[in-house]
Amino acid sequence: MGKENGTLSEYEPLLKDFKEPGQVHQIKVPGKTLLMAVWAACIGGTFQYGYNVSIINAPTKAVQTFINETWSERYGDEIPEQLLTFLWSSIVSIFTIGGLIGASVGGTLAIRFGRKGTLLFNNSFALLAALLMGMSYYASAFELLILGRFLSGVNAGVGICVQPLYLGEIAPRALRGAMAMGTSIFITGGILTGQVMGLTELLGKEGYWPLLLSTTCIPALLQLLILPWFPESPRYLLIDRGDDSACNLALKQLHGGENYHGEREDMERERASATGVKPLKPWELFTDKTLRWPLFTIITISIAQQLNGINAIYFYAEYVFAEAGIPFEKIPYATVGTGACECLTALTCGLLIDSLGRRVLIIGGYLLMSLWCICFTITLTFQTYSSWMPYLSMACVFAFILSFGLGPGGVTNILITELFTQTARPAAYMIGGSVNWLSFFFIGMVFPFIVNGLHQFCFLVFFVVCCVVATVIFFVVPETKNKTFLEIQNEFHRRKRTAGSDPLMPTSL
C-alpha cells in the first residue's frame, strides 16, 4: 500500500468508454435496490449490536433471581451476594469480550469470504446465541446465558466491522455518506427497539426474559432471507477478486444500467494504484508510513466514540435519571426517549452529511457535547434549589444525545471507510473495531468508580475528552465529502509533507 505498482495507462482500454471526470453523472437519489441492500445488510449487522446493548438492561432483576434459584437447587443454599454480582457482571461484560474477538477476525473473514458472505455467515453466531439464552431457563443453567452473550458479542463485533465496509463500497460517491449512515441509524434503531421490547407492557415482565433474550434470532433470520438477493460489494469483486463481469452486474443492479460508469472509473483508478499489492494485515498498517495519519485518526475517533460519555448514559441510564430527580416509575420511559432521540438525530445526520460535510458535523457534535457536559454538571449541582431543575438536567441529557447523533455517532464509521483504500480498509476496520470494543469495556469498568469519586462532576471527564478530540479532528482530518478514496489518500500525503512545520500536528507519526 505504501507504493503504487500500477499505472492508469495500463487500464486505458477499460476506461475509454467512460465519461470525463467532470462529466460523470452523479447519483443524487438512491435507487430502491440500493436502499433495500442497505436495509438487508444493517438489519443483521449493526442493528444486532444496538439491540444486544439495550435488551440486557430490562431483565436484570429477573435474571439475578433465576441465578439465585438455580444455585439453591444445585447446592441447597442461596448464592453469596458477591458471587451473584460477579455472575451478573460476567453476563453483561462478556458481550464486549466477544465483540473484541469478532472485530479482530471480521476483516480477515471479509477478505476471504467477501463482505456479503461474511455477513451471512455471521448470523450463525446470533442464531446459536438466541438458542442458548432461550434454553438456559429450561435447562436451569445460567452458564448458557454467559456463553450466549459471548456469541452475541462475536456476532456484533463481526457485524460492526464488516457491515460499514459493505455499505461504504456499494454506495455511489455522491451518496456515500448518506448510505453509510445506515450503520448509525440501525445501531440507534436497535437500541430503541431493545428498550421498547424491554417495557413491562411487552416482554419486560419477569417471566418473559428467556423469550426477550432469544429475540435476537429475528434480525438474523431476516438477513438470511433477504440479503442473498443482493450483490456482493462491486469493489471487492473487481479489486480483490478481479471479476470484471460480476462487478459490472453488481453495479448495474445497485445503481442502474445508466448510472454506474462513474463509479466503475473510480474503481479502475483504485485498482491501478493497488496492482500487485495484497490486502494488508493489521500490523502492517502500523509499519506503513503513508498510512500513519489515517491510522492515528481512526484510533482517536474510535476511542472517543466510547469515551465521550454516550455509553455511560445508556449503561447507567437509571442512575443518571435518578440523580436528575426523575421519579422511579418514569425512568424506563425516559430511557426509551433517549433511544428515540438518538435514532431521530441519526436520520437527520443522514440527510445532512453529504451537504454539510463530515468535518462540520463531527467537530460541531463534539463541541456541543462539551457544552452539555458543563450544563449537566451545573444542573446536577443545583438540582435541590428548584423543583424544575431535575427536568433541566434531563433536558441536558437529551441535548447531549442529540449532539452525539448529529455528529460523532453518524460520522465516525464512514470516516473509517473513506480514509483507506481497498487493500488497507479491512485491516483498518479490524483495528478501529478492536480499539472501539476495548474502549467499550474500559468505560463499563471505570465509569462506576468515576461516579463514586466525582459524583455530579463525573461528566467533566467527558468534557475534556470531547474538547481534545474536537481539536485533534480540526487539525488532522481533511474533508472527505464527494472525494474518491484516492483523492482522500493524497490529501493525507499532503498533510504529512506539511506536518513538520505545524507544531500542533503529531509529527512523531
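In this text the structure is predicted, and so the values were computed from the model without any measurement.

Enquirer: Just checking my understanding: could you explain empty space enclosed by the protein for this structure?
Expert: In this approach, a probe sized like a water molecule rolls over the atoms, and the result shows the empty space that is left. With the rule as written, the count across this model stands at 5 cavities of 30 Å³ or more. Estimated volume of the largest cavity: approximately 300 Å³. Taken together, 25 residues form the lining of the largest cavity, with Y49, I160, I187, Q305 and Q306 sitting closest to its centre. Those elements giving two or more residues to the lining of the largest cavity turn out to be α3 (46–55), α7 (143–170), α9 (182–197), α16 (292–307), α17 (310–315), α22 (408–418) and α23 (425–454). Residue contributions to the lining of the largest cavity peak at 5 residues, all from α23. Residues of the lining of the largest cavity, tallied by class, amount to 12 nonpolar, 12 polar and 1 charged.

Enquirer: Could you clarify how one ought to interpret the packing of helix α5 (residues 81–113) against α7 in this entry?
Expert: Put simply, α5 and α7 touch, their axes get as near as 6 Å, and they point 35° apart. As for the relative orientation of α5 and α7, their crossing is right-handed in sense. Tallied by class, the residues present in the contact of α5 with α7 amount to 19 nonpolar, 9 polar and 1 charged.

Enquirer: Sorry if this is basic, but what is going on with unusual backbone geometry here?
Expert: Among all residues save glycine, negative phi is the norm, and among peptide bonds the norm is trans. Backbone geometry places S140, a non-glycine residue, at a positive phi of 50°. Along the polypeptide, S140 turns up in the loop between α6 (115–139) and α7. For S140, a relative accessible area of 28% puts it in the partly exposed group.

Enquirer: So what exactly am I meant to see when it comes to the confidence of the model for the chain here?
Expert: Low pLDDT marks stretches whose predicted atomic positions should not be read closely. In this model, the chain carries a mean pLDDT of 82, and residues with pLDDT of at least 70 account for 87%. In the model of the chain, helix α1 (residues 12–15) stands out as the element of lowest mean pLDDT, 42, in contrast to helix α11 (residues 217–226), which has the highest, 96. Below pLDDT 50 for its whole length, residues 1–25 participates in 45 contacts with residues either more than four positions away or in separate chains. Across residues 503–509, where pLDDT falls below 50, the model places 14 contacts with residues more than four positions away in sequence or in other chains.

Enquirer: Would you explain the packing of aromatic side chains in this entry?
Expert: The geometry of an aromatic ring pair is captured by the separation of the ring centres together with the interplanar angle, meaning the angle of the planes. On inspection of all chains with the given rule, the structure shows 16 aromatic pairs. With a centroid separation of 5.4 Å and an interplanar angle of 85°, the aromatic rings of Y49 and W437 are classed as edge-to-face. Placement of the pair is Y49 in helix α3 and W437 in helix α23, with a sequence separation of 388 residues. When its relative accessible area of 7% is taken as the criterion, Y49 is described as buried. Both rings, one in F66 and one in W209, keep their centres 5.0 Å apart while their planes meet at 50°; by these two values the pair is tilted.

Enquirer: Help me out: how do you make sense of the side chain of T379 in this one?
Expert: Inspection of the secondary structure puts T379 in helix α20 (residues 358–381). Overall, T379 belongs to the buried group, its relative accessible area being 5%. Dropping the residues within four chain positions of it, T379 is found in contact with M389, L392, S393 and C396.

Enquirer: Looking at this structure, how should I read the nonpolar core?
Expert: The tendency in soluble globular proteins is for nonpolar side chains to be buried side by side. By size, the foremost hydrophobic cluster in this structure holds 112 residues, and its most contacted members are I67, Y166, L285 and Y366. Once residues lying within four places of it in the same chain are set aside, the contact partners of I67 are I79, L84, L87, I91 and F142. The next biggest cluster of nonpolar side chains, apart from the first, holds 10 residues, and it includes Y49, I187, I191 and W437.

Enquirer: Please clarify how the environment of S439 should be interpreted in this entry.
Expert: With respect to the element layout, S439 can be found in helix α23. Residue S439 is classed as buried on the basis of its relative accessible area of 7%. Within the structure, the side chain of S439 is placed 2.8 Å from the backbone oxygen of V435, a separation counted as a polar contact.

Enquirer: What should I look at first to understand α9 in this one?
Expert: Because an α-helix completes one turn every 3.6 residues, residues spaced three or four positions apart along the sequence face the same direction. Here α9 spans 22 Å end to end across 16 residues, near enough to the 22 Å set by a 1.5 Å rise per residue. Most of α9 is tucked away: 13 of the 16 residues are buried.

Enquirer: What exactly am I supposed to notice about α5 here?
Expert: The terminal C-alpha atoms of α5, which comprises 33 residues, lie 46 Å apart, in line with the 48 Å expected from a rise of 1.5 Å per residue. Of all the bends in α5, the greatest measures close to 35° and is centred on G106.

Enquirer: Which parts of the structure should I look at to understand the environment of M430?
Expert: Structurally, M430 can be placed in helix α23. Between the alpha carbons of M430 and A103 there is a distance of 5.5 Å; along the sequence they are 327 residues apart. If sequence neighbours within four positions are ignored, M430 has contacts with A103, S104, V105, G107, T108, C161 and P282.

Enquirer: Help me understand the pattern of salt bridges in this model?
Expert: Working definition: two side chains of opposite charge can pair if their charged atoms are close together. Under the definition given, this model contains 10 salt bridges. Here D244 ties to R264 by a salt bridge, and the two come within 2.8 Å at their closest N and O atoms. Of the two residues, D244 is situated in helix α13 (residues 244–255) and R264 in helix α14 (residues 261–273); the sequence distance between them amounts to 20 residues. For E268, the salt bridge goes to R271, with nearest N and O atoms at 3.1 Å. Note that E268 and R271 are positioned in helix α14 at a spacing of 3 residues, about one turn of the helix. Comparing E268 with R271 shows no difference in burial state: the two are buried. Several salt bridges converge on common partners, so that one network encompasses D244, R264, E268 and R271.

Enquirer: Please clarify how a nonpolar patch on the surface should be interpreted in this entry.
Expert: On the surface, I97, I101, V105, F441 and M445 cluster together into a nonpolar patch covering about 380 Å² of accessible area. Counting residues per element, the nonpolar patch draws most heavily on α5, which supplies 3 residues. Relative to the helices and strands, V105 resides in helix α5. The class for V105 is partly exposed, based on a relative accessible area of 36%.

Basis of the calculations
Residues numbered from 1 in each chain as written. Predicted model: local features only at pLDDT ≥ 70, side-chain atom pairs only at ≥ 80, totals over all residues. Heavy atoms only, no water. 1 Å grid on protein atoms, 1.4 Å probe; cavity = no way out; pocket = protein on both sides within 12 Å on 5 of 7 lines; lining within 4 Å. Points joined across faces, edges and corners; volume = space filled by probe spheres on them. Helix = DSSP H or I, 4+ residues; strand = E, 2+ residues; numbered from the N terminus. Nonpolar A, V, L, I, M, F, W, Y, C, P; charged D, E, K, R; others polar. Axes fitted to C-alpha atoms, helices over the stretch in contact; angles between N-to-C directions. Left-handed = near helix turned anticlockwise from the far one by under 90°. Buried < 20%, exposed > 50% of the residue type's maximum accessible area, 1.4 Å probe, protein only. pLDDT = per-residue confidence, 0-100. Contact = heavy atoms within 4.5 Å. Phe/Tyr/Trp six-rings, centres within 6.5 Å; stacked < 30°, edge-to-face > 60°. Core = buried A, V, L, I, M, F, W, Y, C linked by side-chain atoms within 4.5 Å. Polar contact = N/O pair within 3.5 Å; in protein donor to acceptor, adjacent residues only side chain to side chain. Expected span 1.5 Å × (residues − 1). Bend = angle between axes of the 7 residues up to and from the residue. Salt bridge = Lys/Arg side-chain N within 4 Å of Asp/Glu carboxyl O. Patch = residues over 30% accessible without salt bridge, like charges linked within 9 Å, V, L, I, M, F, W, Y side chains within 5 Å. Areas by Shrake-Rupley, 256 points an atom, 1.4 Å probe, with all protein chains shown as cover.

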